[in-house]
Each structure stands twice: as structure tokens, then as C-alpha cells.
Amino acid sequence: MNPIQRRQALVRTASLLAAAAAPLAAVAQPASAGKSAGLAPVKLALIESLSGPFANTGEAVYRNLMWAIERVNARGGVTTAQGKRLLQLERFDNKGQTEESLLMLRSAIDSGAHFVLQGNSSAVAAALIDALNKHNEREPQRRVLFLNYSAVDPILTNELCSFWHFRFDAHADMRMTALMQLVAEDKQLQRMYLIGQDYSFGQAVLREARGQLGERRPDIAIAGEELHPIGRIKDFLPYAAKIKASGAQAVLTGNWGNDLTLLVKAAREAGFDGRFYTFYGNALGAPAAMGEAGIGKVVAVADWLPNMPTPESAEFYRAFRARFPRPQDDYVHMRMQLMIEALAQAIDRARSDDALAVARQLERADVTLAGQRGTMRAADHQFQQPLVVGVMDRQGAPGVPFDVEGSGYGFRVVRQISASDAAMATTCQMKRPG
């Protein structure tokens, strides 16, 4: 049995076990997909860190996208003029490096992929946008679309906006605005420490934090501000010691992956007992690293959280856990599911996998899954969706039926922000194909 057959067998087994309680966990190759047997699949290329310090983030993305694609393929795939075709996800390891990402982009294009998916680095995303702009102009017969699920530097849908790039995550300024709703209400907070990764996204987070604090809470003093090398710090205790010595009552950070987990762990070891306002503190080891010290003190903003108080959301989350039952695999992203649904919708409407035809349909995407709706804004290709803010608590506490990664801690939803309230203006001046 080859790797693809083995993966399909595992998918079928997991789906049968979960079918009664979790109908969303669908098999990858249902009988209805037989219609597409004679047609080549539509290739999607994932360019992501699948080795190195951020491999866990890349693998989490892969699981999410694979699950979403299984759901599309379970209903027969996508419709083209030639007939039904399945979606196929191929992995390209960029090792967390921009130059390697550009090499992987060339490999993906040469393999026949019309759709490239990436997100875990805004610096990489910016390089891919530039490369695809040039490629699509130079080789219009092999145009490629870029679907971005996590690179959230605001510049990507403002100054660097591109017809060939679609972002499905809320950008950093949108997430910051949501977090600041809670910061503004914390009247006891007088000193805050800002820390982030030293690249475009981390710099954008700190810049926006300074600006919004000045507007919303000018009485809060910035006790310290620091940028550190991304993915290179193994011991954050010196940083944690500075945070504690500064007298800060809270930390605000856009850190993700191991850079967040190690920072949170070091802060706990240093005895820092203030709050953490985070973009990504709800998974990938951060809750377990903080433990009891994080209850009521770790705040996270997201497009969706497992403890959203609706039956549809609970069913959706149970389906994911049935498909990926290992605690360490527990990190589901609603936006990635909606992204694949939007792509499938656009291909169906275009009746083609041609990048230009699909892009024109993707500009008017309107998709709903498990009660969560998102729409694409054509002006800048920024997905519009609700946001939520959660606070860490023990599993079993009111509003926390689900924990994170088997840690015993989950996130209680304390604020829901509608898509219209989360929206922000754009400065995009998009150049469109003739």
C-alpha cells in the first residue's frame, strides 16, 4: 500500500468511527467521487515550515487543510467544464526560510499547481506576492493564485495588495482592535510590556499596539518594548526577567509557535503573574506552559474558538477531534476550513481551475460552515469574518466544555465581534488584469 492509499484508508477508518457523533468528518474518496476518476485532480501546493523550530505550526496547518479538502472530496470534489475533479494537497517544506519558499514556489508551479497556500510568515508572504505578480505577468498560461491563511501584516492587503493574493485571516490591526476592547476595560492596568518577533509582522503588532494604546488608554505606560530574533531564542528567561523587573502588569505579544510557548513558560518560571494579551495564546503548548498561573490571565483573539456557545460549533469541533484524536494534534482553524470552501465555491462557479477565472469568482466568495460566515472583499481581497476574544480557564468551568491539547485548560469566549465591526478601511490600489 503506497502512502496515498494508506492515508485514504486512515481517513475512511476515522470517518466511520466518527460518523454518528461527527458527520463533518467525511471520507476522502466516497463512491460519488468515481465520476472524477478519469480526470486529473486540482493541485493545491502548501508551502510551509514542515521542519525546523516552527514545524509544529506547519503540521497543524496541514491537518486543517487536509480535513477541509477531505470534506470537499467527500461530496465529489469540484465541478469543471470537463466534469468533477478532486482536490489534491501537496506539501513543500520551506524550512521557515524566504529563499527556500521561492524555490518551493517554482517547484509547485512546475508540478502543475494553480493554487499556492501559505501563511506562517508575513515576510514569506510578501516575497510570494511579489514573485507571483511577476510570474503571472510573464507566463499568463500558467497563472497561480496565492491563498493566505495566517500572514497578517496589514501591508499585504494595503500597499502590497495584489489581484493574485487573497487573505483569509484578520490582519494584525483588526486583531489588535479586538484585543484592545478588553485592554480598554481593564481599569486597573497601568503598565504594559510589548514584546514581539523581529520581522514585519512582529514590528507591525508593536507599532499598532503603541498607536491604539495612545488613543484608547493614554494613561497606560509602556513599561518596556522589545523585538527578538524569530525562531532563534531557546531561553526566554532573560526576557522574562526584564518583564518582571519593569513592573508591568500585562504583556502584549504577537508571538506564535515556540516563540510564544517558550516566552510564556519563562514568564511563569520568573514569577511574572500579570496578564498576557496574545494573538495566538490559545494553543500549540502555550496553555499547558502557563498552567494554573494562566487562569484568567491569558487572553487570545481569534476568528473562532472551540468554546463558541453554539451547537453547530460544538459539533464542528467534536468532528475535528474525532478525525485527529491525539491531544497534540488539537489546533483547528475555522478560517482554513472557510478558505477551502471558498476556493471550491469559486472553482464551481468558474467551472474551471484557471487562476484568472477562479480569482474573479473568489472576489465574491460567500461561505458558511458550522454557523460561521465569511465573505471576500473585492477591493483588497481581505476576508471579512467575525472575531472572538477568549480568556483561559479550567475545563469544566462555565463556558469551557472543551480544553486545549489535553491540557485541562480551555478558553471561555468573553467577546464576540461581528464581521462589520471587525472590518477596517483599506488603502489598496489594486492593479487588475486587462
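Residues numbered from 1 in each chain as written. Predicted model: local features only at pLDDT ≥ 70, side-chain atom pairs only at ≥ 80, totals over all residues. Heavy atoms only, no water.

## Digging into the state of the cysteines
Applying the stated rule across the entire model yields one disulfide. One disulfide bridge connects Cys161 with Cys428, the sulfur atoms lying 2.1 Å from each other. The disulfide joining Cys161 to Cys428 has a torsion of about 85° about its S-S bond and is therefore right-handed. In this pair, Cys161 sits in the loop between strand E6 (145-148) and strand E7 (165-167) while Cys428 sits in the segment after helix H13 (419-422), placing the two residues 267 residues apart along the sequence. In this structure, Cys161 and Cys428 share a single accessibility class: buried. (Disulfide = S-S within 2.5 Å. Helix = DSSP H or I, 4+ residues; strand = E, 2+ residues; numbered from the N terminus. Buried < 20%, exposed > 50% of the residue type's maximum accessible area, 1.4 Å probe, protein only.)

## Focus: the nonpolar core
By size, the foremost hydrophobic cluster in this structure holds 124 residues, and its most contacted members are Leu44, Leu65, Leu117, Leu145, Met192, Tyr277 and Ile340. Considering each element in turn, this core owes the most residues, ten residues, to helix H11 (residues 334-350). Ranked by size, the runner-up nonpolar core spans 18 residues in total, among them Val124, Ala125, Val144 and Leu156. (Core = buried A, V, L, I, M, F, W, Y, C linked by side-chain atoms within 4.5 Å.)

## As for the sheet that holds strand E10 (residues 250-253)
As summarised here, the arrangement of the seven strands in space is E9-E8-E10-E11-E12-E16-E17, forming an open sheet in which the pairing is mixed. Lying at the two open borders of the sheet, with one neighbouring strand each, are strand E9 (221-228) and strand E17 (409-417). Going across the sheet, the axis of each strand differs from the next one's by a mean of 20°, ignoring polarity. As paired strands, strand E8 (residues 191-197) and E9 are joined by seven bridges and run parallel to one another. Looking across to E9, one finds that Gly196 is bridged to Leu227. (Pairing = 2+ DSSP bridges. Axes fitted to C-alpha atoms, helices over the stretch in contact; angles between N-to-C directions.)

## Comments concerning the pattern of salt bridges
Tallied over the full model, the rule gives 27 salt bridges. Across the salt bridge formed by Lys43 and Glu90, the nearest N and O atoms sit 3.8 Å from each other. In this pair, Lys43 sits in strand E1 (residues 42-48) while Glu90 sits in strand E4 (residues 87-93), placing the two residues 47 residues apart along the sequence. The shortest N-O distance in the salt bridge between Arg432 and Glu363 comes to 2.4 Å. Within this pair, whereas Arg432 is found in the segment after H13, its partner Glu363 is found in the loop between helix H12 (355-362) and strand E13 (366-369), the two being separated by 69 residues in sequence. Relative accessible area serves as the criterion here: at 39%, Arg432 is assigned to the partly exposed category. Residue Glu363 is classed as buried on the basis of its relative accessible area, which comes to 13%. A single network of salt bridges, built from pairs that share partners, joins Arg106, Asp110, Glu139 and Arg142. (Salt bridge = Lys/Arg side-chain N within 4 Å of Asp/Glu carboxyl O.)

## What to know about the packing of aromatic side chains
The description of an aromatic ring pair rests on the distance of the ring centres and on the angle between the ring planes. One pass over the structure, following the stated rule, counts 15 aromatic pairs. With a centroid separation of 5.2 Å and 75° between ring planes, the pair formed by Trp67 and Phe320 is classed as edge-to-face. On the criterion of sequence distance, the pair formed by Trp67 in helix H2 (residues 55-74) and Phe320 in helix H10 (residues 311-323) is long-range, its members being 253 residues apart. Classification of Phe320 as buried rests on a relative accessible area of 0%. With a centroid separation of 6.2 Å and an interplanar angle of 65°, the aromatic rings of Phe279 and Tyr280 are classed as edge-to-face. Each member of the pair, Phe279 together with Tyr280, is buried. Between the NZ or CZ atom of Arg71 and the centre of the ring of Trp67, over which it lies, the distance is 5.3 Å. Cation over ring: Arg323 sits above Phe324, and NZ or CZ is 4.5 Å from the ring centre. (Phe/Tyr/Trp six-rings, centres within 6.5 Å; stacked < 30°, edge-to-face > 60°. Lys NZ or Arg CZ within 6 Å of the ring centre and 35° of its normal.)

## Considering H2
Each α-helix winds once per 3.6 residues, and so residues spaced three or four apart point in a common direction. Taking 1.5 Å per residue, 20 residues should reach 28 Å; H2 reaches 28 Å between its end C-alpha atoms and fits that length. Phi turns positive one or two residues past the end of H2, at Gly76, with a value near 105°. (Expected span 1.5 Å × (residues − 1).)

## Section: the pairing of E10
Along E10, one buried face is formed by Ala250 and Leu252 and the opposite face, lined by Val251 and Thr253, is buried too. Here four bridges tie E8 to E10, and the two strands are oriented parallel to one another. Opposite Leu194, over in E10, you have Leu252 as the bridge partner. Summarising the sheet, E10 and strand E11 (residues 275-278) pair through four bridges and their orientation is parallel. Its bridge partner lying in E11, Val251 is registered against Phe276. This β-α-β element, E10 to helix H8 (residues 258-270) to E11, shows right-handed connectivity. (Right-handed = clockwise from strand over helix to strand, strands pointing away.)

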